[in-house]
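# Secondary and tertiary structure notes
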Number of protein chains: 2
Amino acid sequence: MGERKIRNMEEFAEVSGISRPTVSKYFHDPSSVRKSTRGKIEAALEEYAYRPNFYAVNQNRKLTKTIGVVVPNLADPFFAEIARNIERRCMEAGYAPTLFGSHGEPELEVEILDNLRLLKPAGVLIAPLGRVTDRKALEAFCRDVPTVLFDSNIEGLGDFFVGSDNYSFVDQTVTYLCRSGQPPCFFEMKNPANPNANKRRLAYIDKMAELGHEPQFVQIEGEGWGFEEIGRQGGLWAIENRILPCDTVLCSNDRLAIGFLSACYEKGLRVGSGAGCALRVASHDDHPYSRFTCPSLTTAAHDYDSVSGQSIEALMRAIDSEARGASREEVLYPAKLIMRASA
Amino acid sequence: MGERKIRNMEEFAEVSGISRPTVSKYFHDPSSVRKSTRGKIEAALEEYAYRPNFYAVNQNRKLTKTIGVVVPNLADPFFAEIARNIERRCMEAGYAPTLFGSHGEPELEVEILDNLRLLKPAGVLIAPLGRVTDRKALEAFCRDVPTVLFDSNIEGLGDFFVGSDNYSFVDQTVTYLCRSGQPPCFFEMKNPANPNANKRRLAYIDKMAELGHEPQFVQIEGEGWGFEEIGRQGGLWAIENRILPCDTVLCSNDRLAIGFLSACYEKGLRVGSGAGCALRVASHDDHPYSRFTCPSLTTAAHDYDSVSGQSIEALMRAIDSEARGASREEVLYPAKLIMRASA
DNA sequence: TCCAAAAGTTTACGCGAGTAAAATTTTAGT
DNA sequence: ACTAAAATTTTACTCGCGTAAACTTTTGGA
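Described in the following lines is the structure provided in the data block. (Residues numbered from 1 in each chain as written. Chains lettered and ligands numbered in written order. Predicted model: local features only at pLDDT ≥ 70, side-chain atom pairs only at ≥ 80, totals over all residues. Heavy atoms only, no water.)

## Some words on the nonpolar core
Which entries qualify depends on this criterion: Only buried Ala, Val, Leu, Ile, Met, Phe, Trp, Tyr and Cys residues count toward a nonpolar core, and they belong to the same one when joined by side-chain atoms within 4.5 Å. Summary of the burial criterion: residues with accessible area below 20% of their type's maximum are buried, those above 50% are exposed, and those between are partly exposed, where the area comes from a 1.4 Å probe applied to protein chains only. What makes two residues a contact is simply this: any of their non-hydrogen atoms within 4.5 Å.
Formed by 108 residues in total, the largest nonpolar core has its most connected members in A:Val249, A:Phe260, B:Val249 and B:Phe260. When residues no more than four places from it in sequence are discounted, the contact partners of A:Val249 are A:Cys185, A:Phe187, A:Leu244, A:Phe260, A:Leu279, A:Arg280, A:Val281 and A:Ala282. With 36 residues, the next largest nonpolar core counts A:Phe100, A:Leu119, A:Phe161 and B:Tyr55 among its residues.

## Concerning helix α9 (residues 196-210) of chain A
What counts is decided by this rule: The secondary structure listing takes helices from DSSP runs of H or I that are at least 4 residues long and strands from runs of E that are at least 2 residues long, numbered from the N terminus. What a helix is expected to span follows from its residue count: subtract one and scale by 1.5 Å.
Taking 1.5 Å as the rise per residue, α9(A) with 15 residues should run 21 Å; its terminal C-alpha atoms sit 21 Å apart, in good agreement. In this structure, the buried side of α9(A) is in contact with α8 (166-180), β6 (185-189), β7 (217-220), β8 (248-251) and β9 (280-285) of chain A.

## Some thoughts on the packing of aromatic side chains
Worth spelling out the cut-off: We call Phe, Tyr and Trp rings a pair once their centres come within 6.5 Å, taking the six-membered ring for Trp, and we label the pair stacked below 30 degrees between planes, edge-to-face above 60, and tilted otherwise. Think of it as a cone above the ring: NZ of Lys or CZ of Arg counts as a charge over the ring if it is within 6 Å of the ring centre and within 35 degrees of the ring normal.
The final tally for this structure, using the stated rule, is 28 aromatic pairs over all chains. For the ring pair B:Phe78 and B:Phe79, a centre distance of 5.0 Å and an interplane angle of 65° mean the geometry is edge-to-face. Across the pair, B:Phe79 and B:Phe78 agree in class, each one buried. Grouping aromatic residues by their ring pairs yields a cluster made of A:Phe12, A:Tyr26, A:Phe27 and A:Tyr50. One cation-aromatic arrangement involves A:Arg201 over A:Phe217; the distance from NZ or CZ to the ring centre is 4.4 Å.

## Description of the sheet that holds strand β12 (residues 336-338) of chain A
Residues and elements named next belong to chain A. Where we set the bar: The criterion for strand pairing is that DSSP finds at least two bridges linking the strands in question. Note on geometry: axes are C-alpha line fits, over the in-contact stretch for helices, and angles between N-to-C directions span 0 to 180 degrees.
Taken in spatial order, the 6 strands of this open sheet run β7-β6-β8-β9-β10-β12, and their pairing is mixed. Of all strands in the sheet, those with a lone pairing partner are β7 and β12, marking the two edges. Across this sheet, the average inter-strand angle for adjacent strands is 20°, counted without regard to direction. Across the face of the sheet, helix α11 (residues 254-266) comes into contact with β6, β8, β9 and β10 (298-301) while running at roughly 155° to β9.

## A look at the protein's contact with DNA strand D
Threshold: Proximity is defined per residue: any heavy atom of the residue falling within 4 Å of a molecule or strand makes that residue near it. Within 3.5 Å is the distance limit for a polar contact, defined as a pair of N or O atoms, with the added protein rule that one can donate a hydrogen and the other accept it, and that residues adjacent in sequence qualify only through two side-chain atoms. Side-chain classes follow a simple rule in which Ala, Val, Leu, Ile, Met, Phe, Trp, Tyr, Cys and Pro form the nonpolar group, Asp, Glu, Lys and Arg form the charged group, and the remainder, Gly included, forms the polar group.
Taken together, 23 residues lie near DNA strand D, and A:Thr37, A:Asn60, B:Met9, B:Ser24 and B:Tyr50 sit nearest. Counting only the atoms of DNA strand D that lie within 4 Å of the protein, the sugar and phosphate share comes to 67%. The side chain of A:Asn60 places a nitrogen or oxygen atom 2.6 Å from a base oxygen of DNA strand D. B:Ser24 places a side-chain nitrogen or oxygen 2.5 Å from a phosphate oxygen of DNA strand D. Considered class by class, the residues forming the surface near DNA strand D number 8 nonpolar, 11 polar and 4 charged.

## Considerations on the sheet that holds strand β8 (residues 248-251) of chain B
Residue and element names in this part refer to chain B. Read from one edge of the open sheet, 6 strands run β7-β6-β8-β9-β10-β12, paired in mixed fashion. The open sheet has two edge strands, β7 (217-220) and β12 (336-338), and neither has a second partner. Ignoring which end each strand starts from, the neighbouring axes of this sheet average 20° apart. As paired strands, strand β10 (residues 298-301) and β12 are joined by 3 bridges and run antiparallel to one another. Residue Thr299 lies in a different strand from β12, and its bridge partner there is Ile338. In the packing of helix α9 (residues 196-210) onto the sheet, contacts are made with β6 (185-189), β7, β8 and β9 (280-285), and the angle to β6 comes to roughly 165°. Contacts between helix α10 (residues 227-240) and the sheet are confined to β6 and β7, with β7 contributing the most and set at about 120° to the helix.

Rendered as structure tokens:
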């Protein structure tokens, strides 16, 4: 095999005994050529392993077969997991996903969008940074490219939004905690970087009111995306200064909770619902590590599969439909309560 | 701004009052044109925000400005962290990094290499899957593209290998553990997926012999990359069946340790070096979460900065040097012991 | 001020493929 | 076996840019 080096489609057409336009057609859609032709081409393909030049193929196309996937932070297992899921589905749908992480930096997010434009992607899935996202830039981008937003919603932008229903998350944890013990106080960052935080905060206030309890907050300092460390420092601070208003703590998200649990352990506070426990702790997200915390973390889980599946599906629709922007839809998935040892 | 839509370099050259070849030169290297010319082009750039067609630019180039980064698993915070670091350095060096995760699947790893070839990357940084990597495929790839291997070495492949010195890792933890208490037993997978595991195992045997101790192993079942769960199950099994031969456990890596600590907690085994503790646990990698385990994990840290920095540097040299493949170098970085509460 | 060097302009061709149109061959149905 | 339909071949043009060659203009130093 490989007696001769194939430089382009011309040469490959020659060795396969088929004309170049037909070969081109084959690569565009193998089923569009006669079976006998397909056979010849595939035989030659075995022998020479030729593949069309990626750049030449895409130069004239208005749209390519790539799909951009942008998340705030690839080092966050939550996003890594969802990116992985989406990546796989893209490939199954015949597209080539390209991953980008904006590392929490709005400028980088804009740069990624600019670069993405050059790739002429068929579509883009983006979990925006949220509050700090450059709305104008994203808006302009969404006009040009079929875009599905996920995880964090930015009002009115994109063809579709797929996310989790923050109200459902908080509803389930608060309901459970109130039923099984003291109503929880809410442990969160004073100035959260992630956009879901505020929605959870409001849902907490609502739900507590509904159940006839006074909402109580433990708001901690900290900037950026290092949530575990922020949660740990905040936890140490809250414990040392006896700030915690009750024996049940509901963290805004699992990463914060991971840090908080670490602080509890360090301070000798036994967490759990059993006898001899000083504190109950619960949270939201079902972070991949939440089952390995000590104790394992009771949390409200995202429906990872539905979110990523629906995102792709919505993107495919946006790509296919010619009249984009006509209607914008939103889908929210409810949480699933995962009861573990921490509460 | 943006009175007229610029479709190509021809049109952009027109509105900027400069000839197309000169504009082309500018985009190749802004400093290669006269200052006054640069001024005109940049003025037009402000007004029209034109950027050359990515595909047309790269079609004729033998090499592009992209650098491929391939890791076994983007959902593993260790690799995510290193990928992030490398990504940043690539951008600083004027290259466009593209991330790929092979998800622990050898077939996917090969497919990624095949796709990468089409991108005509200037170079590639890859942390191979290891044992299961398709050696022939990687070898062929390395012949065509400047490649630096990192994290896991595959004998003789690539222009350079940058990794951590597994011996140093184990040396430090074992030395410390022996000095401060009972000699450790070694907790590991029977059939580890990651290639560094065997080196650490051998280093453990060596070091124990050197210190005059008998090596003792706790080998657990499990397949794949879900190390935390494997460590947890293995831990539960070892504890329930009283397999642990001593009170000091050295885990092959942090992810395994995270699971093991979780098992200890669940079984009520107090971990740490203080009074009242049943077990000491230490490990290797300084995983981003190891400071948040309960108790926080004593571990041997990778020199993330040096590994990623050196990888890029080596790749740049490989890219620049015309005579590739002449010599293959390896660099190993020693570990840094991070003492925390678990041992 | 003059002149050589440096920079820019014109012109023209190449890259590797997509694709349209017309001519030709193959296929399938009767 | 004949014919209409389908598939393929031929030919030729396009896309957006890199780049080489020959020529013209600008620049800076003596």
